[in-house]
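Summary of structural features
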Amino acid sequence: MAAYGLYTHIASNKFRSMLLLAGLFLLIYVLVYAGALLAEVVINGNGTVQYYLAAALNDLIKALPFATIGAVAWIVIAYFFHQTIIDAVTGGGDVTRQQQPRLYNLLENLCISRGIPMPKLKIMDSNALNAFATGLNPRQYSITVTSGLLRALDDHEIESVLGHELTHIRNGDVQLMVVAVIIAGAVGFFGELFFRMFTNLSWNSGGGGWSSSSSSSSSSSSSSSSSSSSSDRKSSGGGAVVIVIVAVVLILLAWLLSQVVKLALSRSRELLADAGSVELTKNPDAMISALRKIEGRGELPGATSAVMELCVDNPREGFADLFATHPSVESRVRALVQYGGGHDPGPLALPTDSANVTDDRDTEPRQGPAPPQLPPAGPWSPRSEQVTPVPQAASDPSAPNTADIDGDSAPGANGARGSDRVGGPWGRR
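No experiment lies behind these values; they were computed from the predicted model shown. (Residues numbered from 1 in each chain as written. Predicted model: local features only at pLDDT ≥ 70, side-chain atom pairs only at ≥ 80, totals over all residues. Heavy atoms only, no water.)

**Re the overall build of the protein**
Looking only at helices and strands, one finds twelve helices and eight strands in the protein. A burial count over the protein gives 40% of its 429 residues as buried. By sequence separation, contacts in the protein at least 24 residues apart represent 67% of the contacts at least 6 residues apart. Here the protein has roughly 23600 Å² of accessible surface; of this, 61% comes from carbon and sulfur atoms. (Helix = DSSP H or I, 4+ residues; strand = E, 2+ residues; numbered from the N terminus. Buried < 20%, exposed > 50% of the residue type's maximum accessible area, 1.4 Å probe, protein only. Contact = heavy atoms within 4.5 Å. Areas by Shrake-Rupley, 256 points an atom, 1.4 Å probe, with all protein chains shown as cover.)

**Re the side chain of Asn130**
Along the chain, Asn130 falls in the loop between β2 (120–124) and β3 (131–134). Polar side-chain contacts of Asn130 include one of 3.2 Å to the backbone nitrogen of Val312. Polar contacts involving the side chain of Asn130 include one to the main-chain carbonyl oxygen of Asp313, which spans 2.8 Å. Dropping the residues within four chain positions of it, Asn130 is found in contact with Thr144, Val145, Thr146, Leu149, Gly298, Leu300, Met308, Cys311, Val312 and Asp313. (Polar contact = N/O pair within 3.5 Å; in protein donor to acceptor, adjacent residues only side chain to side chain.)

**Quick look at helix α3 (residues 101–114)**
In this model, α3 (14 residues) spans 20 Å end to end at C-alpha, consistent with the 20 Å of a helix rising 1.5 Å per residue. For α3, the complete set of buried residues consists of Leu103, Leu106, Leu107, Leu110 and Cys111. The buried residues of α3 occupy an angular sector of 130° when the element is viewed end-on, so they sit on one face. Backbone geometry just after α3 places Gly115 at a positive phi near 65°. (Expected span 1.5 Å × (residues − 1). Arc of directions from axis to C-beta.)

**What about the environment of Tyr79?**
Here Tyr79 is to be found in helix α2 (residues 49–90). Since its relative accessible area comes to 28%, Tyr79 is described here as partly exposed. Sequence-wise, Tyr79 and Ile182 are 103 residues apart; in three dimensions their C-alpha atoms are separated by 9.3 Å. Ignoring any residue separated from it by four or fewer positions in sequence, one finds Tyr79 in contact with Leu136, Asn137 and Gln140.

**Remarks on the side chain of Ser147**
In this fold, Ser147 is placed in helix α4 (residues 147–152). Judged by its relative accessible area of 11%, Ser147 falls in the buried class. Engagement of the side chain of Ser147 in a polar contact is seen with the side chain of Asp125, the distance being 3.3 Å. Only 3.0 Å separates the side chain of Ser147 from the backbone oxygen of Ser126, close enough to count as a polar contact. For Ser147, the residues in contact, after removing those within four places along its chain, are Ile123, Met124, Asp125 and Ser126.

**What to know about the packing of α3 against helix α5 (residues 155–170)**
Working note: a packed helix pair is described by the angle between its axes plus the distance between those axes. With their axes 10 Å apart at the nearest point, α3 and α5 run at an angle of 55° to one another. Classified by the angle between their axes, α3 and α5 sit oblique to one another. The hand of the α3/α5 crossing is right-handed. Facing Arg102, Leu103, Leu106, Leu107, Leu110 and Cys111 of α3, the residues of α5 in contact are Asp155, Ile158, Glu159, Leu162, Gly163 and Leu166. Class assignment of the residues belonging to the contact of α3 with α5 gives a composition of eight nonpolar, one polar and three charged. (Axes fitted to C-alpha atoms, helices over the stretch in contact; angles between N-to-C directions. Parallel < 35°, antiparallel > 145°, perpendicular 65-115°, else oblique. Left-handed = near helix turned anticlockwise from the far one by under 90°. Nonpolar A, V, L, I, M, F, W, Y, C, P; charged D, E, K, R; others polar.)

**Observations regarding the sheet that holds strand β1 (residues 93–94)**
Across the sheet, four strands lie side by side as β1-β2-β4-β3; this open sheet has mixed pairing. In the strand order of this sheet, the two ends are held by β1 and β3, each with one partner. Relative to β2, β1 runs antiparallel, the two sharing two bridges. Within the sheet, the bridge partner assigned to Gly93 lies in β2 and is Ile123. With respect to the sheet, α3 is in contact with β2 and β4 (142–146), its orientation differing from that of β2 by roughly 140°. (Pairing = 2+ DSSP bridges.)

**Remarks on the packing of helix α9 (residues 284–294) against helix α11 (residues 329–340)**
Contact geometry of α9 with α11 gives a least axis separation of 10 Å together with a crossing angle of 170°. The angle between the axes of α9 and α11 places the two elements in the roughly antiparallel class. Note on element contacts: α11 touches α9 through Val329, Glu330, Arg332, Val333, Leu336, Val337 and Gly340, opposite Pro284, Met287, Ile288, Leu291 and Arg292. For the contact of α9 with α11, the class distribution of residues is eight nonpolar, one polar and three charged.

**Some details on the pattern of salt bridges**
Within the structure shown, the criterion is met by eleven salt bridges. We note a salt bridge from Lys122 to Asp87, for which the minimum N-O separation is 3.3 Å. One end of the pair, Lys122, is in strand β2; the other, Asp87, is in helix α2, and 35 residues separate them in sequence. Here Lys122 matches Asp87 in class, with each residue buried. Between Glu157 and Lys293 there is a salt bridge, and its shortest N-O distance comes to 3.0 Å. Separated by 136 residues along the polypeptide, Glu157 in helix α5 and Lys293 in helix α9 bring together distant segments of the chain. For the pair shown, Glu157 and Lys293 are each scored as buried. One salt-bridge network, held together by shared partners, links Arg292, Glu295, Glu330 and Asp344. (Salt bridge = Lys/Arg side-chain N within 4 Å of Asp/Glu carboxyl O.)

In structure tokens form, the structure reads like this:
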């Protein structure tokens, strides 16, 4: 699907996202098949590879309705309780216009200008600079902003961040990301469950099959009585080993693909959200400066990776940027400069950062020679006895010489300077 403008890019992205989300849902069935393979190995450890594959496929067909119902139930539970869970993790709370008139008015103006329903406003008490949007329907939509973001950004920059989150809501990114996080979480949960099942398996050398570690001790007592038939089962036990390896590979592959799909959904939408914010505010420079201030300062303490994936910026880059959920700030700023006509001021330091540097410098001990002490000043201070002659003016050779007492010279009534004057306000003429 070709894309030529902002809205066609949004439509194309939605189409690809639905395909990726369907593929993410299919990974649940892959995990069920891998679990069926492990279960067949535990039930019968003497089968061949073809037997295990056919039996596991039959089990998958029987388990399809139950797996689908379980996945849908998982999504329904998250549909109603995901906001409560996120608030419990982040500590966000609802605010009203009376509590935060500045933030409330900025968001309300954006919503009125585009005819968007007003989402709920939440504030998270944290020094981090970040914000995120959540919700699966208009009644659940909410935007959470950290208190550190409110202190560090001006009104134009906060407006651009709110526009970024509103664009996520307008484009349907919030629903897709929440559902993707839910399904990826289900894949990770069942994958870990089956992997633990595999680690609890042990090879029964006497019986030539796999059994759980709890029953391996009881089966070892009867291994001596079946030693005559163990040699006949060794050849068939090789199929169980192959199937266990296949099941483990499927579990790891399903987990890896779920993370890749989730990252693909997130990365492709951040650039569009930046562009949507510029469209709402008509101020690309504010979006750029907001990203520069947020850069490297968005880590939410105690937040899970699922919450950080919903934020404006996620500083958790992962291994060699392979599992980064967001494009780098440099690439986002570059896109805003190239396509939005903004200007990049480069990395920005917050006022709190410069204050900390100043405080550190003030606490450092001063080195080097101490500055000279200033002489005491005042009408009763001791006078210098040294008189510095002042050259006579060339135009008036009859003018008397003047002396500067204590570095000061005051003209007399007759134009002569105070050479005959003793210092102090009560000095003798």
